[in-house]
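Breakdown of the fold
Listed here are the chains, written in short residue letters.
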Amino acid sequence: MSVAKKEYKRITVKTLVDMKANGEKISMLTAYDYTMAKIVDGAGVDVILVGDSASNVMAGHETTLPITLDQMIYHASSVVRAIYRALIVVDLPFGSYQSDPKEALRSAIRIMKESGAHSVKLEGGKEIKESIKRILNAGIPVMGHLGLTPQSIYKFGTYTVRAKEEEEAECLIEDAKFLERVGCFAIVLEKIPAALAKQVAESVSIPIIGIGAGPDVDGQVLVLHDMLGMTHEFNPRFLRRYLHLYEEMTSAISQYVDDVKTKDFPNESEQY
């Protein structure tokens, strides 16, 4: 049974909670620059994540760890200038919040003041509780992130599915309830069993956004470059490619090169 879609002129953290309560799924995509963000916002996406995945898809790093706070602010500022409707969430990068709650607050304040974003996202649960509390106490909305947490890749050693064992699954549920209790407005669950993700979504009142977490959560998020097929090496089970832009863009650029070489471009109608 489909749920009637309410029209929202502007998405806020309260909107997302209302959407969960009304049974309306939440759409979320990444964006890192003005042009792409304008397209994403115009297409009606509810939440835009300025993800530290920019480290991979924009800068070519193997992991998300190298991207800096200044670089995240640059990307977030570009996105903010394009947006009229979507809620903007910005990842706090690795090293900007884990060890020192005061530094976490300074990092979050810089993102909010210098980029104009609406909220921040942190990876982890109870182990970073002081950082989360300090940011929330300053009035900055926080989205949590549990399951596979890419900033901890060297701890895990692999990007495999998380929380398959009972002990880790129970810990994840406890962390989700903790994040709700301290005041996070939503949680991303990455690459965990679908049955566990459903259990988490049903156990908390805040929205659960999945990536590789099955259909029974409150919304979905993908990396824009992956779902558009601009990247082609990355092929996890959870990724649906809605376009195949790698092939189309390569073909178009090759055609341009040929047209320049053969003097077909510019033709008479393309000159002054």
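That block above? That's the structure.
What counts as what
- Residues take numbers from 1 onward in each chain, read along the sequence in its written order.
- Reporting of local features is limited, given that this is a predicted model, to residues whose pLDDT is at least 70; pairs of side-chain atoms are given and counted only at 80 or more, and all residues count toward the totals for whole chains, interfaces and linings.
- Only hydrogens and water are set aside when side-chain values are computed; all heavy atoms of the structure are taken into account.
- By definition, a salt bridge exists where a carboxyl oxygen of Asp or Glu is found within 4 Å of a side-chain nitrogen of Lys or Arg.
- Every helix listed is a DSSP run of H or I at least four residues long, and every strand listed is a run of E at least two residues long, numbered separately from the N terminus.
- Relative accessibility thresholds used throughout: buried, under 20% of the residue-type maximum; exposed, over 50%; partly exposed, between the two (1.4 Å probe, protein chains only).
- Residues belong to one nonpolar core when they are buried, are Ala, Val, Leu, Ile, Met, Phe, Trp, Tyr or Cys, and are joined through side-chain atoms within 4.5 Å.
- Whether two residues touch is decided by their heavy atoms; if any such pair falls within 4.5 Å, the residues are in contact.
- Excluding any residue in a salt bridge, patches collect residues exceeding 30% relative accessible area, merging like charges within 9 Å and nonpolar Val, Leu, Ile, Met, Phe, Trp and Tyr side chains within 5 Å.
- Where accessible areas are quoted, they stem from the Shrake-Rupley method and a 1.4 Å probe; at the residue level, only the protein chains shown are allowed to cover.
- One requirement defines pairing of two strands: DSSP has to find at least two bridges between them.
- Axis angles are defined between N-to-C directions and span 0 to 180 degrees, where every axis is a line fitted to C-alpha atoms and, for a helix, only to the segment in contact.

Attention now goes to the pattern of salt bridges. If the charged atoms of two oppositely charged side chains come close together, the side chains can form a pair. Per the stated rule, a full pass over the model turns up 8 salt bridges. The residue Asp18 makes a salt bridge to Lys14 at a minimum N-O spacing of 2.9 Å. Here Asp18 pairs with Lys14, and both are found in helix H1 (residues 13-22), just 4 residues apart, close to one helical turn. Overall, Asp18 belongs to the partly exposed group, its relative accessible area being 28%. The salt bridge involving Lys20 is made with Asp218; its shortest N-O contact spans 3.0 Å. Residue Lys20 is located in helix H1, and its partner Asp218 is located in the loop between strand E7 (208-211) and strand E8 (219-222); the two are separated by 198 residues in the primary sequence. Here Lys20 matches Asp218 in class, with each residue buried. In this structure, a network of salt bridges that share partners links the residues Asp70, Arg110 and Glu114.

Counting residues in each nonpolar core, the largest one holds 63 residues, and the members touching the most others are Val120, Leu122, Ile135 and Leu189. Here this core gets 6 residues from one element, more than from any other, and that element is helix H8 (residues 166-182). Discounting residues that sit within four places of it in the chain, Ile135 has contacts with Leu92, Ala104, Leu105, Ala108, Val120, Leu122, Ile140 and Val142. Membership of the second largest hydrophobic core comes to 17 residues, among which are Ile11, Val47, Leu87 and Val221.

On to a nonpolar patch on the surface. Where nonpolar side chains cluster on the molecular surface, the patch consists of Met249, Ile253, Tyr256, Val257, Val260 and Phe265 and spans about 530 Å² of accessible area. Note on placement: Val257 falls in helix H11 (residues 245-261). Judged by its relative accessible area of 36%, Val257 falls in the partly exposed class.

Okay, the sheet that holds strand E3 (residues 87-91) next. Whether parallel or antiparallel, the strands of a sheet pair through hydrogen bonds between backbone atoms. Pairing is parallel around the closed barrel formed by 8 strands, whose spatial order is E1-E2-E3-E4-E5-E6-E7-E8. Going from strand to strand, the sheet's axes swing by 25 degrees on average, the running direction of each strand aside. In this sheet, strand E5 (residues 142-147) lies alongside strand E4 (residues 119-121) in parallel orientation, the contact comprising 2 bridges. Residue pairing for E5: Val120 is matched across the bridge by Val142.

So, to be careful, I would describe these as geometric facts and stop short of saying anything about function.
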